[in-house]
Amino acid sequence: MDIPVHPSNVFLIGPMGAGKTTVGSMLAKAMGREFLDSDAVLQERTGVTVSEIFEHEGEQGFRRREREVIAELVERKNIVLATGGGAVLDADNRRLLASRGTVIYLRVPLEAQLQHLRADRTRPLLQSGDPEEVLKRLSLERDPLYRELCDYQVNMDGLTARAACENIVEWLDQTPGLS
């Protein structure tokens, strides 16, 4: 069964600290679309934080819940969706994102990621071990998936969220059938 493409949807992927939520919110406003963040929707529905879900259900429980939320959200039209950094680990998520909209990968260098996340205590995967080593390991695992899945990449190195948003809007406007 072919899944219909909703080119009006834009899905942001990339590692934690890349700016998906900030850029996504600006992008949705610029495009006149609804903005959703899969982690925020999950937290709202469960009444607990991502960290608490990890603590009580482990990463596997969180990923199952994340998959259910993403499967529902990609059915909407005219949305900009910021996904969690690990959403690409699930093959169903990758298939749904690729088939239901345009996927934008926000790339960020490790140094910028570390600076952005240095005081953040809400990221469960960074709460044990050396954050730099954890982020390196996650990048090695996830970057190939981000690259394979995306329709377009934005290098966030030295780029403001506003500039990234403008870059994406320009690309969408120049790409037939996407804007």
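Details of the structure are given in the entry above.
Here we summarise the structure given alongside this text. (Residues numbered from 1 in each chain as written. Predicted model: local features only at pLDDT ≥ 70, side-chain atom pairs only at ≥ 80, totals over all residues. Heavy atoms only, no water.)

**A short note on the layout of surface pockets**
The probe, sized like a water molecule, is rolled over the atoms to show the empty space still left.
Consideration 1: Roughly 230 Å³ of internal volume is contained in the second largest pocket.
Consideration 2: Lining the second largest pocket we find 17 residues, and of these Pro 15, Tyr 105, Val 108, Gln 113 and Ser 139 sit closest to its centre.
Consideration 3: Only strand S4 (102-107), helix H5 (110-117) and helix H6 (131-149) provide two or more residues apiece to the lining of the second largest pocket.
Consideration 4: Considering every element that reaches the lining of the second largest pocket, the biggest residue donor is H6, with eight residues.
Consideration 5: Tallied by class, the residues present in the lining of the second largest pocket amount to nine nonpolar, three polar and five charged. (1 Å grid on protein atoms, 1.4 Å probe; cavity = no way out; pocket = protein on both sides within 12 Å on 5 of 7 lines; lining within 4 Å. Points joined across faces, edges and corners; volume = space filled by probe spheres on them. Helix = DSSP H or I, 4+ residues; strand = E, 2+ residues; numbered from the N terminus. Nonpolar A, V, L, I, M, F, W, Y, C, P; charged D, E, K, R; others polar.)

**Concerning helix H1 (residues 20-31)**
One turn of the α-helix equals 3.6 residues, which is why residues spaced by three or four share an orientation.
Consideration 1: Look at H1: 16 Å from first C-alpha to last across 12 residues, which is about the 16 Å you get at 1.5 Å a residue.
Consideration 2: Every buried residue belonging to H1 is among Lys 20, Val 23, Gly 24, Leu 27 and Ala 28, and all of these are buried. Angularly, the buried residues of H1 cover 135 degrees about the axis, an arc narrow enough to put them on a single face. Exposed and oriented more than 90 degrees from the buried face of H1 are Lys 29 and Ala 30.
Consideration 3: The inward-facing, buried residues of H1 contact strand S1 (10-13), strand S2 (34-37), strand S3 (79-82), S4 and helix H7 (161-174). (Expected span 1.5 Å × (residues − 1). Buried < 20%, exposed > 50% of the residue type's maximum accessible area, 1.4 Å probe, protein only. Arc of directions from axis to C-beta. Contact = heavy atoms within 4.5 Å.)

**Brief notes about helix H2 (residues 38-46)**
Consideration 1: Every buried residue of H2 is accounted for by Ser 38, Val 41 and Leu 42. Down the axis, H2 shows its buried residues gathered within 100 degrees of arc, on one side only.
Consideration 2: Elements in contact with the buried residues of H2: S2, helix H3 (50-73) and S3.
Consideration 3: Among the residues trailing H2, Gly 47 stands out with phi positive, at a value near 75 degrees.

**Topic: the pattern of salt bridges**
Consideration 1: Counted according to the given criterion, the structure contains 11 salt bridges.
Consideration 2: The partner of Asp 90 in a salt bridge is Arg 67, with the nearest N and O atoms 2.7 Å apart. Of this pair, Asp 90 sits in the loop between S3 and helix H4 (91-100) while Arg 67 is found in helix H3, placing the two residues 23 residues apart along the sequence.
Consideration 3: Between Arg 100 and Glu 75 there is a salt bridge; the shortest N-O distance is 1.9 Å. Of this pair, Arg 100 sits in helix H4 while Glu 75 sits in the loop between H3 and S3, and the two are 25 residues apart along the sequence.
Consideration 4: Note on Arg 100: relative accessible area 8%, which makes it buried.
Consideration 5: A network of salt bridges, in which partner residues are shared, links Glu 57, Arg 64, Arg 65 and Glu 68. (Salt bridge = Lys/Arg side-chain N within 4 Å of Asp/Glu carboxyl O.)

**A word on the side chain of Lys 20**
Consideration 1: Note on placement: Lys 20 falls in helix H1.
Consideration 2: One buried charge, Lys 20, has no salt-bridge partner; the nearest side chain with opposite charge is Asp 39, at 7.2 Å.
Consideration 3: Of note is the side chain of Lys 20, whose polar atom sits 2.9 Å from the backbone oxygen of Gly 14.
Consideration 4: Excluding residues that lie within four positions of it along the chain, Lys 20 makes contacts with Leu 12, Ile 13, Gly 14, Pro 15, Phe 35, Ala 82, Thr 83, Gly 84, Gly 85 and Leu 106. (Lys, Arg positive; Asp, Glu negative; His and termini not counted. Polar contact = N/O pair within 3.5 Å; in protein donor to acceptor, adjacent residues only side chain to side chain.)

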